[in-house]
Every structure is written in structure tokens, then in C-alpha cells.
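This is what each chain is made of:
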Amino acid sequence: MSFTLAQPVHSELLIKKSRFIGCVQPVADRAAALVVVASLRAEHPAAAHVCWALMAGGQSAANDDGEPGGTAGRPMLEVLRHQQVEGALATVVRYFGGVKLGAGGLVRAYTDAVAQALLGAELVPLVRQRSLGCSVPYALEGLVRRELVAAGAVLDDVQHGDDVAFAFSLPEPDADAFIARLDDAAQGRVVWPKA
């Protein structure tokens, strides 16, 4: 099962005079992640590096921001992957303290900063949503709306034509039972588009 984060969580480590400020936070996509990274650069202009890792499906990415290749972003991404966190951005702002850590030391520092932040994070299970649509006679519009609310569905669109057409989404595990319940309540008068 995959998880996302309820809210941003911060950590701070001091390793051989270098300061590592870590953060894990929920983000929707790469564009949102880049906005966060840009704001961190503006907030910490004296920082030596602002490294980041993004787990967001096909938009996942990692950036070492000038650290030796593979010592920051990729290890941070592996921490997120190992914890099965999705839709999340890990950032670490590093203030260089004058003592070089070496490649192994950098990997440990960046992974520890992210792992420590994740320890304090509230993980929220990600539930895959299923998009559905159906049409009903006008007399059943109220029934469908009540069933959608009861099922916790998200109503995306309603079109009023010859019939009332609904577009909605609900958690995948609940979809088949919802379809059966609505068909039963409407006595077979729900029209489901052919997939």
C-alpha cells in the first residue's frame, strides 16, 4: 500500500559543523515541487545546497544541486520509495560547515535528514479512485445524489439533457458495491456507459 503525507514535517541535523535542514511534504506534481524548491532557495540564500527528491508517479525526480553525483537527491528518493510514500517532496537545505564529509558521509547525512523527518510524519493511505458515469431519468436525480453523498463520492459533473448524466469518482474498493446498490435502488433504470 502507498501512503502520502498529511502535512509538512521538518528535521534538523548537525554533522561535522554542517547544518542539514530536512523537510518532507505532500505535493501534487513536479510543478508544485519546483515552486517549493525555489522558495527554499529564496529563504536560504546563504545555503550551499538545496537538494530535493520527488515521488509523484511518472514525474518522480531527484536533484543533487551541486553535491557530488548520486550523494543527495537519489538517496533521498530511495528513502521515500522504501517508505512507500507517493505524492511527496523531500528537501534538504545544507549549510556547509567547512569539513568535507566524503561521498558516504553525504549519503548518510541526506538520507538521515529525510528519514528523521519521516519519523514524525503522519502517513495517510492512498486509495485509488475510480471514475464512473451514469444516466438516469429526472425522477431519480435525487436518489442518485443521496447515494453519491452516502458513498463519499466526488461529483465531477452533472448534465441535464434527455436524462440526467452524472460523472463522479469514488474509492476503487467501493465502486462495484456502489454500482450494485444504485442499480438495485433505481430498479434497473440506471444506464452505465459501455467500457
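Summarised in this report is the structure supplied together with it. (Residues numbered from 1 in each chain as written. Predicted model: local features only at pLDDT ≥ 70, side-chain atom pairs only at ≥ 80, totals over all residues. Heavy atoms only, no water.)

**With respect to the overall build of the protein**
Step number 1: For the protein, the count of helices and strands is five helices and ten strands.
Step number 2: Rg of the C-alpha trace for the protein: 23 Å, well past the compact-globule value of 16 Å for 195 residues, more than 25% over.
Step number 3: For the protein, the spread of C-alpha atoms along the principal axes amounts to about 75 × 30 × 25 Å.
Step number 4: When the 195 residues of the protein are sorted by exposure, 43% land in the buried category.
Step number 5: Considering only residue pairs separated by 6 or more positions, the protein has 66% of its internal contacts joining residues 24 or more positions apart.
Step number 6: Here the protein contributes 17 positively and 21 negatively charged side chains, and the mean placements of these two sets differ by 10 Å. (Helix = DSSP H or I, 4+ residues; strand = E, 2+ residues; numbered from the N terminus. Rg over C-alpha atoms; globule rule 2.2 N^0.38 Å. Buried < 20%, exposed > 50% of the residue type's maximum accessible area, 1.4 Å probe, protein only. Contact = heavy atoms within 4.5 Å. Lys, Arg positive; Asp, Glu negative; His and termini not counted. Charge placed at Lys NZ, Arg CZ, Asp CG, Glu CD.)

**So, the pairing of strand E4 (residues 49-55)**
Step number 1: Buried residues dominate E4, accounting for seven of its seven residues.
Step number 2: Burial along E4 is two-sided: His49, Cys51, Ala53 and Met55 and Val50, Trp52 and Leu54, pointing in opposite directions, are all buried.
Step number 3: Pairing between E4 and strand E5 (residues 61-63): three bridges, direction antiparallel. Bridge pairing links tryptophan 52 to asparagine 63 in E5.
Step number 4: Adjacent in sequence and paired antiparallel, E4 and E5 are bridged by five residues, among which glycine 57 carries a positive phi angle near 55°. (Pairing = 2+ DSSP bridges.)

**What about the side chain of arginine 94?**
Step number 1: Along the chain, arginine 94 turns up in strand E6 (residues 88-95).
Step number 2: Exposure remark for arginine 94: the relative accessible area of 3% places this residue in the buried category.
Step number 3: A polar contact is formed between the side chain of arginine 94 and the side chain of serine 18, at a distance of 3.1 Å.
Step number 4: Every residue in contact with arginine 94, bar those within four places of it in the chain, is listed here: Ser18, Arg19, Phe20, Ala47, Ala48, His49, Glu67, Val99, Leu101, Leu106 and Tyr110. (Polar contact = N/O pair within 3.5 Å; in protein donor to acceptor, adjacent residues only side chain to side chain.)

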